[in-house]
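Chain by chain, the residues:
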Amino acid sequence: MVAQREWLEKDYYDVLGVSRTASDKEITRAYRKLAKQYHPDANPGSEDRFKEISAAYDVLGDPAKRKEYDEVRRLGAGAFPGGFGGPGGFGGPGGATFRVEDLGDLGDILGGMFGGGGGRTRRAGGPRRGADVETELHLSFEDAVRGVTTAVHVAGEARCETCHGSGAAPGTSPVTCPRCNGRGHLDEPQGLFSLSTICPQCSGRGTVVEKPCPTCKGSGVQKRVREVKVRIPPGVEDAQRIRVKGRGAPGRGNGPSGDLYVQVRVGKHKLFGRRGRNLTLTVPVTFAEAALGTTLTVPTLDGTVTLKIPAGTPSGQTLRVKGRGVPAQGRNPAGDLLVTVEVAVPKKLTKEQRTAVESLDRELAGLDVRGHLGASHE
Ligand SMILES: [Zn+2]
Ligand SMILES: [Zn+2]
């Protein structure tokens, strides 16, 4: 099911812990805080919560979508005064089944939101927005860091390739509807008022197809696999959803297309890790290198850099190589490469090495490294 189904069931304001009147800034702030807190990298097992937070922000973080969401919730609340989860609501214990065609105006709006399915049984067929579509995209670690323009393949409803969505057979075009003269609605005088209804002949489109396209039987829509080009910005995270506006399922009756949501899956790297916009790397050094200081050549995603390890660097110390993380983009500055120095301890020593370490030990016996713990050198 597409995202909008959730709109009636989920209170996104609640998910982000903000009020219905929160400003865009407050919403973004709440989202950033929660996304950090529940990021699956930091919190294994929090994937579902993270997804829920992302889904809420996808809607509330986009002023146009937020308005649409508020409207759907407002209409939904009117139709189901008991709330959506209660008896009579969606999937309520009373067993009431939600039927788009029962709801009149609300049904029209919801029919457009939900797309597909219920559409065929609707009484009136004005323009309808296409369904939102989800797909997954697997990226290499490098592509996720640098950003990439690539293509995803989406299976399902697409604009008919034979008639380009018009529904008319090749060589013909839709003509003005004779019943409503292209207005899409009929006005019937009712005393002082006139009642406007959607034209049944053209379903509100204002045009009719005389000879339907043989591929799509006049619907303008066909099931096939289509390719959608997507531009992935630098620094996407695993499980992040990217919205590609207007590239979901096509609308009906001149309705707009839905959106495509690309869920990104990021592969691992054999050397580097990611922490937000920073890359991480662990570099083993010997005790002598850490104690005396040294200069190392360390890899980055783009060639190597020289890194000075100061004398007396403790194991676990992190050194920063500026600007070697996720590249800068827009208002986001470049991330850094965080190099963690780890003193390597040999598992086995030759006889000579052992003698040397023992002599070092005697030499360093005067250093009181554990004094603050009350533990001493035996
Ligand atoms: Zn067609
Ligand atoms: Zn008509």
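See the structure above.
Residues numbered from 1 in each chain as written. Chains lettered and ligands numbered in written order. Predicted model: local features only at pLDDT ≥ 70, side-chain atom pairs only at ≥ 80, totals over all residues. Heavy atoms only, no water.

Draft legend 1. Just the environment of Thr300, in detail. Residue position: Thr300 is located in the loop between strand S12 (294-299) and strand S13 (304-309). For Thr300, a relative accessible area of 8% gives the class buried. Along the sequence, Thr300 and Phe272 sit 28 residues apart, while their C-alpha atoms lie 8.4 Å from each other. Among residues more than four places away in sequence, those in contact with Thr300 are Phe272, Val305, Arg324 and Leu337. A polar side-chain atom of Thr300 sits 3.0 Å from the main-chain amide nitrogen of Asp302. (Helix = DSSP H or I, 4+ residues; strand = E, 2+ residues; numbered from the N terminus. Buried < 20%, exposed > 50% of the residue type's maximum accessible area, 1.4 Å probe, protein only. Contact = heavy atoms within 4.5 Å. Polar contact = N/O pair within 3.5 Å; in protein donor to acceptor, adjacent residues only side chain to side chain.)

Draft legend 2. The arrangement of the coordination of the zinc ion (ligand 1) in detail. Here the zinc ion (ligand 1) is held by Cys160 (SG), Cys163 (SG), Cys213 (SG) and Cys216 (SG), and the distances to it run 2.3 Å. Geometry at the zinc ion (ligand 1) is tetrahedral, judged from the four donor atoms that bind it and their angles of 104 to 115° at the metal. We note that the donor set of the zinc ion (ligand 1) lies within a single chain, spaced as C-x2-C-x49-C-x2-C. (Donors = N, O, S within 2.8 Å, 3.2 Å for Na, K, Ca; no water. Tetrahedral: all angles 85-135°; square planar, octahedral: opposite > 155°, others 65-115°.)

Draft legend 3. Focus on the sheet that holds strand S1 (residues 133-139). Taken in spatial order, the three strands of this open sheet run S1-S9-S8, and their pairing is mixed. Each having just a single partner strand, S1 and strand S8 (241-244) make up the two edges of the open sheet. With direction set aside, neighbouring strand axes in the sheet form an average angle of 30°. Across four bridges, S8 lies against strand S9 (residues 260-266) in antiparallel orientation. Note that in S9 the partner of Val244 across the bridge is Leu260. (Pairing = 2+ DSSP bridges. Axes fitted to C-alpha atoms, helices over the stretch in contact; angles between N-to-C directions.)

Draft legend 4. Structural context of the coordination of the zinc ion (ligand 2). All of the protein donors around the zinc ion (ligand 2) are Cys177 (SG), Cys180 (SG), Cys199 (SG) and Cys202 (SG); their distances to the metal are 2.2 to 2.3 Å. The coordination sphere of the zinc ion (ligand 2) comprises four donor atoms, whose angles at the metal cover 103 to 116°; the geometry is tetrahedral. Each donor residue of the zinc ion (ligand 2) belongs to the same chain, with the gaps between them written as C-x2-C-x18-C-x2-C.

Draft legend 5. Highlighting the packing of helix H3 (residues 24-37) against helix H4 (residues 47-60). At a closest axis distance of 10 Å, the pairing of H3 and H4 adopts a crossing angle of 165°. One element, H3, and the other, H4, form an angle in the roughly antiparallel class. The chirality of how H3 crosses H4 is left-handed. Of the residues in H4, those in contact with Ile27, Thr28, Tyr31, Leu34 and Ala35 of H3 are Arg49, Phe50, Ile53, Ser54, Tyr57 and Leu60. Across the contact of H3 with H4, the residue classes break down as eight nonpolar, two polar and one charged. (Parallel < 35°, antiparallel > 145°, perpendicular 65-115°, else oblique. Left-handed = near helix turned anticlockwise from the far one by under 90°. Nonpolar A, V, L, I, M, F, W, Y, C, P; charged D, E, K, R; others polar.)

Draft legend 6. Quick look at the nonpolar core. Within the largest apolar cluster, 22 residues are counted, with the highest numbers of intra-cluster contacts made by Tyr12, Leu16, Val18, Leu60 and Tyr69. Put simply, the parts of the chain that give this core at least two residues each are helix H1 (3-9), helix H2 (12-16), H3, H4 and helix H5 (63-79). Per element, the largest residue contribution to this core is six residues, and it comes from H4. Counting 20 residues, the second-largest nonpolar core is a separate cluster that includes Ala290, Leu319, Val321 and Val341. (Core = buried A, V, L, I, M, F, W, Y, C linked by side-chain atoms within 4.5 Å.)

Draft legend 7. Just the packing of aromatic side chains, in detail. One pass over the structure, following the stated rule, counts three aromatic pairs. Geometrically, the ring pair formed by Tyr13 and Tyr69 is tilted, given 6.2 Å between the ring centres and 45° between the ring planes. Here Tyr13 is found in helix H2, whereas its partner Tyr69 is found in helix H5, with 56 residues between them in sequence. Residue Tyr13 shares its accessibility class with Tyr69, and that shared class is buried. With a centroid separation of 4.0 Å and 5° between ring planes, the pair formed by Tyr31 and Tyr57 is classed as stacked. Here Tyr31, found in helix H3, pairs with Tyr57, found in helix H4; they are 26 residues apart in sequence, far enough to count as distant. Relative accessible area serves as the criterion here: at 18%, Tyr31 is assigned to the buried category. Each residue in the set Tyr12, Tyr13 and Tyr69 is aromatic and connected to the rest through ring pairs, giving one cluster. (Phe/Tyr/Trp six-rings, centres within 6.5 Å; stacked < 30°, edge-to-face > 60°.)

Draft legend 8. Up close: the pairing of strand S15 (residues 337-343). Of the strand pairs in this sheet, strand S11 (residues 278-285) and S15 are connected by seven bridges, and their pairing is parallel. Opposite Thr282, over in S15, you have Thr340 as the bridge partner. Note: strand S14 (residues 318-321) against S15, four bridges, orientation antiparallel. Paired with Val321 across the two strands is Leu337, which belongs to S15.

Draft legend 9. Fine view of the sheet that holds strand S10 (residues 273-275). Spatially, four strands are ordered S10-S11-S15-S14 in an open sheet, and the strand pairing comes out mixed. The two strands at the open ends of the sheet, each matched to only one other strand, are S10 and S14. In this sheet, adjacent strand axes meet at a mean angle of 35° when their direction is disregarded.

Draft legend 10. Up close: unusual backbone geometry. At His164, a residue that is not glycine, the phi angle is positive and equals roughly 55°. Its place among the elements puts His164 in the loop between strand S2 (148-159) and strand S3 (175-176). By relative accessible area, which is 63% here, His164 ends up exposed. Although it is not a glycine, Ala239 adopts a positive phi angle of roughly 75°. Looking at where Ala239 falls in the secondary structure, it is placed in the loop between strand S7 (221-232) and S8. Residue Ala239 is classed as buried on the basis of its relative accessible area of 8%.

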